[in-house]
Amino acid sequence: SLRRSMKKILIIGAGFLQNFVIQKAKKMGYETLAVDADPNAIGSKYADKFAVVNIVDEEACLEYARQEKIDGVLTAATDYGVLTAAYVAREMNLPGLNYETAKLIKNKYRVRKCLYEAHIDDTEQAYEVDSETDLEKLSEKLTFPVMVKPCDGSGSRGASRVDTKENFAAACKIAMSSSITHRAEVETFINGKEYGAESLVVDGEVHVLGIMRKWMTEPPYYAELGHAIPTDLPPEVEERAERYVENAIKALGINFGSVNMDMLITSEGKIHIIDIGARMGGNMIGPCVIPYGSGVDYMANMIRNAVGDEKNFGTSAHGCVATRLLAFKDGVVARMPDFDALEKDYGVEIYHHLKLGQKVNEYHTNLDGCGYIVAKADDVETAIQKAETVLNIIKETIFCTD
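A brief look at the structure comes next. Being a predicted model, the structure only gives us computed values, none of them experimental.

Our next topic: the sheet that holds strand 10 (residues 205-216). Backbone hydrogen bonds hold the strands of a sheet together, and the pairing may be parallel or antiparallel. Sheet architecture is open: eight strands sit in the order 13-12-9-10-11-14-18-16, paired in antiparallel fashion. A single partner strand is all that each edge strand has here, and the edge strands are strand 13 (271-277) and strand 16 (348-352). In this sheet, adjacent strand axes meet at a mean angle of 25° when their direction is disregarded. Here strand 16 pairs with strand 18 (residues 371-377) via five bridges, running antiparallel. Residue pairing in the sheet places H352 in a bridge with G371 of strand 18.

Next comes the structure, spelled out in structure tokens:
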């Protein structure tokens, strides 16, 4: 029957952002399976098959994958599924990221050390701390300010800038307590603007799909507020950034799949890679930012790559795109905006999970976000303006007290 010939793809994670991949794979005609520890994960309603399995439980995910005889596996928009996807791919002999590389990527300090030793970017200080480290002694060696962050985990929890050695130990303890392995890394604090890079490695070849401009919250949290393509970088700096991204991927031995990278670029054009995830970026990068900004159907290629089907890097029309997260202060949703009218009036797309009466947390990490506004335009400034305008209208509507 026709059903037999459909390839089966397993998506590790079924939350709001993974659901875009689940829906895309289904639309492309693959039989789509998903796992998540949350029985009510939104993707459970859209996947052809769904099982309640914790995505960090490698053996349980493998058992499910074997039982279902899958043809491909991937995770997206979360670091927690990366090792599991690599493990399942290795054990079932499917296309995937080398498992040892996946382990390396999980340790931010080992990544930093590898890039530092291979002179991939322009970074000067890199240290790792754990409960055994003499923080007092290390603080004497450092040139402040430094950035302290957990060695693993997702999003921006536990990261902070430290300006003096008096505050160093406390910051390390906070970062370590946000790390599963109770370790943190310390590196030079760079005064630069943050940019993102999204790549896909196919048959050992690196395709840098796009460099993105980013907006972040104020310190101490450093969480994403939005993206845009094209960037505001001089062409020479953007080309060098693409080269650094490609070299970093090769130096780390990333042989397969999506790579999401964050970098800081100083006003003098110095480039510092600050974070690497071996999976598709979150915050609408897959479904909107890359396809609208670069014209490549990123998620389609990522999905085909996972099941060993033919990829297509031909670009369709590409333009200018900007996104804004629905990021708010603490409050309760008092009134729902007319999202359809906003989309029509401003020519934007809105993706959200807001409900009347919902308690909203002040935005400190990606987990506090309530959705996204995506705006396209003929020039990037207009796109940014549109997204900002709609965000402000939504803010004023939902917390209205009258």
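This part is about helix 5 (residues 99-106). Those residues of helix 5 not exposed but buried are Y99, T101, A102, L104 and I105. Buried residues in helix 5 make contact with helix 3 (58-67), helix 4 (82-91), helix 6 (108-117) and strand 13. Backbone nitrogen of E100 and a side-chain oxygen of the N-cap are separated by 2.8 Å at the start of helix 5; the cap is N98.

A few words on the sheet that holds strand 1 (residues 8-12). Judged by pairing direction, the sheet is parallel, and its four strands sit side by side in the order 3-2-1-4 without closing on themselves. The sheet is open, and its two borders are formed by strand 3 (49-52) and strand 4 (72-75), each paired with just one other strand. Neighbour-to-neighbour, the strand axes of the sheet open up by a mean angle of 20°, direction not taken into account. Taken together, the four bridges between strand 2 (residues 31-36) and strand 3 define a ladder with parallel strand orientation. Its bridge partner being in strand 3, L33 is matched across the sheet by K49. Across the sheet, helix 3 is in contact with strand 1, strand 2 and strand 3; its angle to strand 1 comes to roughly 165°. Against the sheet, helix 11 (residues 298-307) touches strand 1 and strand 4, its axis set at about 135° to strand 4.

Attention now moves to the pattern of salt bridges. Evaluation of the coordinates by the stated rule reveals 25 salt bridges. Among the salt bridges present, the one from K113 reaches E117, with a minimum N-O distance of 3.2 Å. Remark: E117 and K113 occur in helix 6; sequence separation between them is four residues, near one turn of the helix. Between D232 and K193 there is a salt bridge; the shortest N-O distance is 2.7 Å. Of the two residues, D232 sits in the loop between strand 11 (224-229) and helix 9 (235-251) while K193 sits in strand 9 (residues 193-202), which places them 39 residues apart along the sequence. Here K193 falls in the partly exposed class, since its relative accessible area comes to 45%. Through salt bridges that share partners, K193, R213, D232 and E381 make up one connected network.

This next bit is on unusual backbone geometry. With omega at 0°, the peptide bond leading from F144 into P145 counts as cis. Here P145 lies in the loop between helix 7 (135-141) and strand 6 (146-150). Here the bond from I229 into P230 is cis, since omega is 5°, no more than 30 degrees from zero. Following the sequence through the fold, P230 ends up in the loop between strand 11 and helix 9. Not every positive phi belongs to a glycine, and M284 is a case in point at roughly 70°. Its location among the elements puts M284 in the loop between strand 13 and helix 10 (285-294).

Attention now moves to helix 10. Within helix 10, nine of the 10 residues are buried, which leaves the element mostly enclosed by the surrounding structure. When we look at burial in helix 10, the residues that qualify are I285, G286, P287, C288, V289, I290, P291, G293 and S294. Positive phi shows up at G295, right after helix 10, with a value of about 80°.

Turning next to the environment of A86. The topology assignment puts A86 in helix 4. Apart from the residues lying within four places of it in its own chain, the contact partners of A86 are L97, Y99 and A102.

Moving on: the environment of K8. Among the secondary structure elements, K8 is positioned in strand 1. In this structure, the C-alpha to C-alpha distance between K8 and L33, residues 25 residues apart in sequence, is 7.2 Å. Residues within four places of K8 in sequence aside, it is in contact with E31, L33, K49, E68, K69, I70, D71, G72 and V307. Of the polar contacts made by the side chain of K8, one reaches the backbone oxygen of E68; its length is 2.8 Å.

Cut-offs and rules
- Residues numbered from 1 in each chain as written.
- Predicted model: local features only at pLDDT ≥ 70, side-chain atom pairs only at ≥ 80, totals over all residues.
- Heavy atoms only, no water.
- Pairing = 2+ DSSP bridges.
- Helix = DSSP H or I, 4+ residues; strand = E, 2+ residues; numbered from the N terminus.
- Axes fitted to C-alpha atoms, helices over the stretch in contact; angles between N-to-C directions.
- Buried < 20%, exposed > 50% of the residue type's maximum accessible area, 1.4 Å probe, protein only.
- Contact = heavy atoms within 4.5 Å.
- Polar contact = N/O pair within 3.5 Å; in protein donor to acceptor, adjacent residues only side chain to side chain.
- Salt bridge = Lys/Arg side-chain N within 4 Å of Asp/Glu carboxyl O.

Remember that the coordinates give geometry; whether it matters functionally is a separate question.
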